[in-house]
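# Descriptive structure summary
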Amino acid sequence: MTRVAVIGAAGRMGATVCAAVVADARTELVAAVDPTVAGTPLAVAPSVVAVAPADAPEVLASSGAEVVVDFTAPSVVLDNASVAAAAGCHLVIGTTGLGADGLSALASLYPPEGSLGCVVAANFAIGAVLSMRFAEMAAPWFETAEIIELHHDRKVDAPSGTALRTAERMAAASSTWADDPTQSTVVAGARGGVAAGGIRVHSVRLRGLVAHQEVLLGTTGETLTIRHDSLDRASFMPGVLLAVTQVASGAWPGLTVGIDAFLGL
Ligand code: NAD
């Protein structure tokens, strides 16, 4: 069984990951890090007592963790990655909002010539991964596209990592995007933010939602809408566990962005 430590273990995602790791026969939860529950045994695994971030280096070593899973915040994820790399652990990061500089920092911590792997995915839901691929495939056939991402009202970063990654992939797949026709913006931000390729991204934050995205593509006389809905955080768990088991196999040294390769996409 793969020995897993979860950083951000008390968060919405981290707690779901802890439960999924405990429930899966291929994985064992051996450590949990989160300042809000430090010193408390986890309800899903009472033998695991959560520790504060300062104690993470010690607990990763003493627990024999092989893979660290991080669902925290952009402000702390690189510090956590340094601790995981120093402890000789593979790393699976679901935290979003890292940016290009963050990815380069991770590539330095997890070099391809080393034996450790780091997987960073803006979205672990299989349907979301497929929808990004579909958007990339559709991009060359449409001149206009906009992305609407919709999330729960406690999400701290905007736009979502999934929306940014979707735009990047669509922009890389096509260079024939039409210019924006807007000449006057009456309410600032009405046309959304500009992501890769000039693709507009609109972020909705609404109580009751989980994680949703629509990619709208238009060309003469037709439109295509690609929509994905994560209705429950359980939707991310098969992808997280796939990343954990793949990276633990040692077959993916260095930095892997997205889980597409694990799905054969
Ligand atoms: P959350 O606020 O519920 O949880 C974050 C947790 O991290 C909190 O419990 C907090 O105490 C803890 N934390 C903060 N600093 C820490 C540190 N230094 N060490 C250890 N723990 C620390 O947030 P959430 O909704 O669970 O989301 C977490 C991240 O996951 C966000 O970036 C979100 O965008 C991302 N996310 C990614 C996916 C995906 O599929 N990749 C899906 C959903 C959410």
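Quick note: structure is the one above.
The next point concerns the pairing of strand 8 (residues 200–205). In regular strands, side chains alternate between the two faces of the sheet. Bridge analysis of strand 6 (residues 144–151) against strand 8 gives six bridges, and the strand direction is parallel. In the sheet register, isoleucine 147 faces strand 8, and the bridge partner there is valine 201. When strand 7 (residues 193–194) meets strand 8, the two strands line up antiparallel, connected through two bridges. When the bridges of strand 8 are listed, glycine 193 appears paired with valine 201. Following strand 7, the chain reverses through five residues before pairing antiparallel with strand 8; glycine 197 in that reversal takes a positive phi of roughly 70°.

Val69 and Phe124 are the most contacted members of the largest nonpolar core, which totals 36 residues. With seven residues, helix 7 (residues 237–248) is the single largest residue contributor to this core. Setting aside residues no more than four positions away along its own chain, phenylalanine 124 makes contact with Phe71, Val92, Ile93, Gly94, Ser235, Phe236, Gly239, Val240, Ala243 and Ile259. Of all hydrophobic cores here, the second largest spans 24 residues; its members include Val77, Ala84, Cys89 and Ile93.

With that settled, the discussion passes to unusual backbone geometry. The amide bond that connects alanine 158 to the next residue, proline 159, takes the cis arrangement and shows omega of -5°. Inspection of the secondary structure puts proline 159 in the loop between strand 6 and helix 6 (161–173).

Attention shifts here to the site of the ligand. Among the 25 residues in the neighbourhood of the ligand, the closest are listed as Arg12, Met13, Asp34, Thr96 and Phe124. Contacts to the ligand include glycine 8, whose backbone N or O atom sits 3.5 Å from a nitrogen atom. At 2.8 Å from an oxygen atom of the ligand is found a main-chain nitrogen or oxygen belonging to methionine 13. When the ligand sits alone it has 870 Å² of accessible area, and the protein chains cover 82% of it.

Turning our eyes to something else, we now look at helix 5 (residues 126–138). The terminal C-alpha atoms of helix 5 lie 18 Å apart, and with 13 residues this matches the ideal 18 Å at 1.5 Å per residue to within 8%. The complete set of buried residues in helix 5 reads Ala128, Val129, Ser131, Met132, Ala135, Glu136 and Ala138. Buried residues belonging to helix 5 abut helix 6, strand 9 (211–219) and strand 10 (222–230).

Along the chain, leucine 29 turns up in strand 2 (residues 27–33). Taking relative accessible area as the criterion, leucine 29 reaches 8% and is therefore assigned buried. It is 6.1 Å that separates the C-alpha atoms of leucine 29 and alanine 5, two residues lying 24 residues apart in sequence. Apart from residues no more than four positions distant in its own chain, leucine 29 is found in contact with Val4, Val6, Cys18, Val21, Val22, Leu42, Ala45 and Val48.

Any pair of aromatic rings gets described here by the distance separating the centres and the angle formed by the planes. Considering all chains together, one arrives at two aromatic pairs under this definition. Taken together, a centroid distance of 4.8 Å and an interplanar angle of 75° make the contact between tryptophan 252 and phenylalanine 262 edge-to-face. Placement of the pair is tryptophan 252 in the loop between helix 7 and strand 11 (254–257) and phenylalanine 262 in the segment after strand 11, with a sequence separation of ten residues. Phenylalanine 262 sits in the buried class, given a relative accessible area of 12%.

Parameters at a glance
- Residues numbered from 1 in each chain as written.
- Predicted model: local features only at pLDDT ≥ 70, side-chain atom pairs only at ≥ 80, totals over all residues.
- Heavy atoms only, no water.
- Pairing = 2+ DSSP bridges.
- Helix = DSSP H or I, 4+ residues; strand = E, 2+ residues; numbered from the N terminus.
- Core = buried A, V, L, I, M, F, W, Y, C linked by side-chain atoms within 4.5 Å.
- Buried < 20%, exposed > 50% of the residue type's maximum accessible area, 1.4 Å probe, protein only.
- Contact = heavy atoms within 4.5 Å.
- Near = heavy atom within 4 Å.
- Polar contact = N/O pair within 3.5 Å; in protein donor to acceptor, adjacent residues only side chain to side chain.
- Areas by Shrake-Rupley, 256 points an atom, 1.4 Å probe, with all protein chains shown as cover.
- Expected span 1.5 Å × (residues − 1).
- Phe/Tyr/Trp six-rings, centres within 6.5 Å; stacked < 30°, edge-to-face > 60°.

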